[in-house]
Amino acid sequence: MSLIHPNRRTLLTATGAALVTGVSGLRVPAQAKTIAPSKTMRGGANNYRAGAPVVDKIGGGGFWMSGTVRRAGDGAPLAGQRIQIWAHTTEGHERDQRSHGATLSDESGVFRLEMPQIVPAFGQTHGHLAYDSAEFKTVFLRPVMKRSSDTSLEAHFVLEPV
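Rules used throughout
- Residues numbered from 1 in each chain as written.
- Predicted model: local features only at pLDDT ≥ 70, side-chain atom pairs only at ≥ 80, totals over all residues.
- Heavy atoms only, no water.
- Salt bridge = Lys/Arg side-chain N within 4 Å of Asp/Glu carboxyl O.
- Helix = DSSP H or I, 4+ residues; strand = E, 2+ residues; numbered from the N terminus.
- Buried < 20%, exposed > 50% of the residue type's maximum accessible area, 1.4 Å probe, protein only.
- Pairing = 2+ DSSP bridges.
- Phe/Tyr/Trp six-rings, centres within 6.5 Å; stacked < 30°, edge-to-face > 60°.
- Lys NZ or Arg CZ within 6 Å of the ring centre and 35° of its normal.

Peer 1: I keep staring at the pattern of salt bridges and nothing clicks. Help me out?
Peer 2: Side-chain pairing between opposite charges can occur once the charged atoms of the two side chains come close. Across all of its chains, the model carries five salt bridges by this definition. Note that Arg82 is salt-bridged to Asp132, the shortest N-O span being 3.0 Å. Of the two residues, Arg82 sits in strand β2 (residues 82–87) while Asp132 sits in the loop between β5 (127–131) and β6 (139–141), which places them 50 residues apart along the sequence. Residues Arg147 and Asp150 are paired through a salt bridge, measuring 3.2 Å at the closest nitrogen-oxygen approach.

And the structure:
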């Protein structure tokens, strides 16, 4: 059996370990962090049209808008949530009714909708997404693409109950 000889190194190591774990760090159970709700983005509601129909795809397609829908707090996936999507595309302006459509999230909280390629409007290549049903607070998102040549864009909703 080897003996521990206290010296400056062992003292510093022990002190550092105590600071990292804290005096009570080993006795306090881990706690899950809550997930904050999404906040509406500036300009997200521009050209919004209430009640856009649920569709298989918008126009001729070729571009994918996707994301997730989760509940604020515990982050549980939310199935069957209606997400409206619209954008300025190669086939129409974001104000045009034909540029709007909606889809539903699946059992894992994932949604996907094919649409025409998004093109720049007001200098930015961006999409618009909305959650606007009664069960949770309304949220408008306006994600911006990294490159106008991208063929997909993601947006993630964390919804707060009304």
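The structure having been displayed, the exposition proceeds.
Peer 1: How should I be thinking about the pairing of strand β3 (residues 100–104) in this particular structure?
Peer 2: Counting buried residues along β3, four of its five residues qualify, which places the element largely inside the surrounding structure. Of the strand pairs in this sheet, β2 and β3 are connected by five bridges, and their pairing is antiparallel. Bridging from a neighbouring strand, Ile83 pairs with Thr103 of β3.

Peer 1: What's the story with unusual backbone geometry in this structure? I'm lost.
Peer 2: Glycine aside, residues mostly have negative phi, and peptide bonds are mostly found in the trans state. Unusually for a residue other than glycine, Asn47 sits at a positive phi of about 65°. If you trace the backbone, Asn47 turns up in the loop between α1 (8–21) and β1 (63–71). Owing to a relative accessible area of 34%, Asn47 belongs among the partly exposed residues under this scheme. Of note, the phi angle at Phe122 is positive, near 60°, even though the residue is not glycine. Overall, the relative accessible area of 83% leaves Phe122 in the exposed class.

Peer 1: What am I meant to see in the packing of aromatic side chains here?
Peer 2: Aromatic rings in a pair are described by how distant their centres are and how their planes are angled relative to each other. Using the criterion set out here, one finds four aromatic pairs in the structure. With centroids separated by 6.0 Å and ring planes inclined at 70°, the aromatic side chains of Tyr131 and Phe136 adopt a geometry described as edge-to-face. Among the residues examined, Tyr131 registers a relative accessible area of 0% and is labelled buried. Residue classification places Phe136 among the buried positions, given a relative accessible area of 4%. Above the plane of the ring of Trp64 lies Arg112, whose end atom (NZ or CZ) is 3.9 Å from the centre.

Fair warning: the whole summary comes from geometry, so function is off the table for now.
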